[in-house]
Amino acid sequence: MENLRVKILIGAAMLLCFVLGTCVGRGCEDSRDEVVEGVAEVVEEQLPEIKEKDKDKDNEKAFTGKPNKIVYLNRKREFNDMNDTHLAAAKLIGIKPLAKREGIPDASRPLHLICGNMGFWGPEPYIVDRLTHSSPYLVKDAADLLYEIGVNFQDSLRNKHLPAYRVVVTSVLRTDADVKSLSKRNVNASERSVHCYGTTFDISYKRFVKIDENSEDARDVDLIAVLAEVLRDLKKAGRCYVKYEIKQACFHITARKNG
């Protein structure tokens with residue numbers, strides 16, 4: 001809703017224009033134009049200040065009431081779904097593994113390009129890191145899950161009176177060639193990589209991107225805790241499997257069949 005003061009300023013300008021419009025004669029028209037220009041300048045000067053005050057009030061309203069408590073889960077115990085569990089879910093809803101990235105357009109099931117690359121501030125509630133050994137594609141159930149994680153994370157931050165952040169996606173779809181290349185440096189990148197099915201993605205628990213650089217920083221321990229709560233709830237709802245990866249500093253997430 002527009003601020004009342006904005007309406008008053010604009011309304012006053014319109015009324016003044018109407019009254020002055022009843023004037024006749026060249027001299028009166030000149031005076032009318034000068035007055036209208038003066039009113040326009042006042043409105044133009046006042047609007048930024050008014051909008052900034054309204055923005056501050058909106059932020060205050062977002063943090064009214066008692067903040068929800070942050071729960072600090074035992075992540076290693078809470079998220080211990082093993083590779084075989086992830087793999088079974090992936091095979092159920094995922095694509096057939098691809099030999100190379102050139103085969104992505106011809107995948108056995110439609111793949112959705114996930115946006116939000118680092119430095120591009122789109123509408124997505126997540127950021128996709130600069131990928132070196134994977135491509136930003138997921139099947140629909142996994143793409144929907146990723147979006148929901150991002151939205152729920154930001155909602156939970158708001159409810160806990162914490163500043164807004166985006167999660168960072170560090171790995172997505174891998175081809176056989178990607179796995180072969182990555183296995184030289186990462187022992188977890190096995191030939192049975194769940195990432196090959198377009199159902200699985202990794203979200204960092206060490207990196208988060210703040211939306212408003214002017215807001216106060218949240219503690220890393222709190223951001224990790226909030227993200228863990230979001231993942232726990234989705235896991236309990238049967239939406240995904242999650243593995244807490246210590247060496248890769250990420251949550252390894254596989255979507256389950258939605259509905």
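Model, not experiment: these values are computed from the prediction. (Residues numbered from 1 in each chain as written. Predicted model: local features only at pLDDT ≥ 70, side-chain atom pairs only at ≥ 80, totals over all residues. Heavy atoms only, no water.)

Over its 17 residues, helix H7 (residues 220–236) extends 24 Å from the first C-alpha to the last, a length consistent with the 24 Å expected when each residue adds 1.5 Å. Most of H7 sits out of view: 12 of its 17 residues are buried. The complete set of buried residues in H7 reads Asp222, Leu223, Ile224, Ala225, Val226, Leu227, Ala228, Glu229, Val230, Leu231, Arg232 and Leu234. The secondary structure elements touched by the buried residues of H7 are helix H3 (75–78), helix H5 (140–159), strand E4 (165–171), strand E5 (200–210), strand E6 (240–245) and strand E7 (250–255). Positive phi appears at Gly238, one or two residues downstream of H7, with a value of about 80 degrees. (Helix = DSSP H or I, 4+ residues; strand = E, 2+ residues; numbered from the N terminus. Expected span 1.5 Å × (residues − 1). Buried < 20%, exposed > 50% of the residue type's maximum accessible area, 1.4 Å probe, protein only. Contact = heavy atoms within 4.5 Å.)

Our next topic: the sheet that holds strand E2 (residues 126–128). Spatially, the 5 strands line up as an open sheet ordered E2-E4-E5-E7-E6, and their pairing is mixed. In this open sheet, the two edge strands, each paired with only one partner strand, are E2 and E6. Strand-to-strand twist across the sheet, computed as the mean angle between neighbouring axes with direction ignored, equals 35 degrees. In this structure, E2 lies alongside E4, joined through 3 bridges in parallel fashion. Bridge assignment links Tyr126 to a residue of E4, and that residue is Val167. Running at roughly 40 degrees to E7, helix H4 (residues 83–93) makes contact with E6 and E7 of the sheet. Sheet strands touched by H7: E4, E5, E6 and E7. Its angle to E5, the strand with the most contacts, is close to 150 degrees. (Pairing = 2+ DSSP bridges. Axes fitted to C-alpha atoms, helices over the stretch in contact; angles between N-to-C directions.)

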